[in-house]
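Structural overview
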Amino acid sequence: MTTLTPAAAADRTGVSIDTLRYYEREGLIGPIRRSAGGRREYTEDDVFWIGLVTCFREAGLGIADLRGFVAVLRAEHAPQERVAFLRERRAALEERAEALRRAMRVLDEKIAYYS
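Described below are features of the structure shown in this document. Given the structure is predicted, the values throughout are model-derived calculations rather than measurements.

1. Examining the side chain of Arg89
Tracing the chain through its elements places Arg89 in helix H5 (residues 79–114). A relative accessible area of 19% means that Arg89 is categorised as buried. Those residues in contact with Arg89, other than ones at most four positions away along the chain, are Leu61 and Asp65.

2. Quick notes on the pattern of salt bridges
Across all of its chains, the model carries eleven salt bridges by this definition. Residue Arg40 is joined to Glu24 by a salt bridge in which the shortest nitrogen-to-oxygen separation is 2.7 Å. Here Glu24 lies in helix H2 (residues 17–25) and Arg40 lies in strand S2 (residues 40–41), a separation of 16 residues in the sequence. As a salt-bridge pair, Glu94 and Arg90 come within 3.9 Å of each other at their nearest N and O atoms. One end of the pair, Glu94, and the other, Arg90, are both in helix H5, four residues apart, so they sit about a helical turn from each other. Within this structure, Arg90, Glu94, Glu98, Arg101 and Arg105 form a network of salt bridges that share partners.

3. With respect to unusual backbone geometry
Between Gly30 and Pro31 the backbone carries a cis peptide bond, its omega angle lying at 10 degrees. Inspection of the secondary structure puts Pro31 in the loop between H2 and strand S1 (33–34).

The rules behind each value
- Residues numbered from 1 in each chain as written.
- Predicted model: local features only at pLDDT ≥ 70, side-chain atom pairs only at ≥ 80, totals over all residues.
- Heavy atoms only, no water.
- Helix = DSSP H or I, 4+ residues; strand = E, 2+ residues; numbered from the N terminus.
- Buried < 20%, exposed > 50% of the residue type's maximum accessible area, 1.4 Å probe, protein only.
- Contact = heavy atoms within 4.5 Å.
- Salt bridge = Lys/Arg side-chain N within 4 Å of Asp/Glu carboxyl O.

That is the geometry; function is a separate question.
Here it is in structure tokens:
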């Protein structure tokens, strides 16, 4: 099994080493495997989870939402529970996206007005 050092995992995922440690402390990724010397070793599965968590963080989900998301996906929940959880988060993101679109329309109107 190929593993990555923390620096390589950070480089590959585009997050800092501090962020990797934070995600691990918060239970959003991991547990991360350790070498015989105690150094973290990231697997492809870890890289996948880091990417997933990072995507949702960039979309504005808070840590509490992410903890819930990870718990639902990792636990033995029925598929409909997972889908319901994901649909709720998607609806919230859609509301935020619409608010951003409204704000951009207002900005576009102001730009046109002042141009």
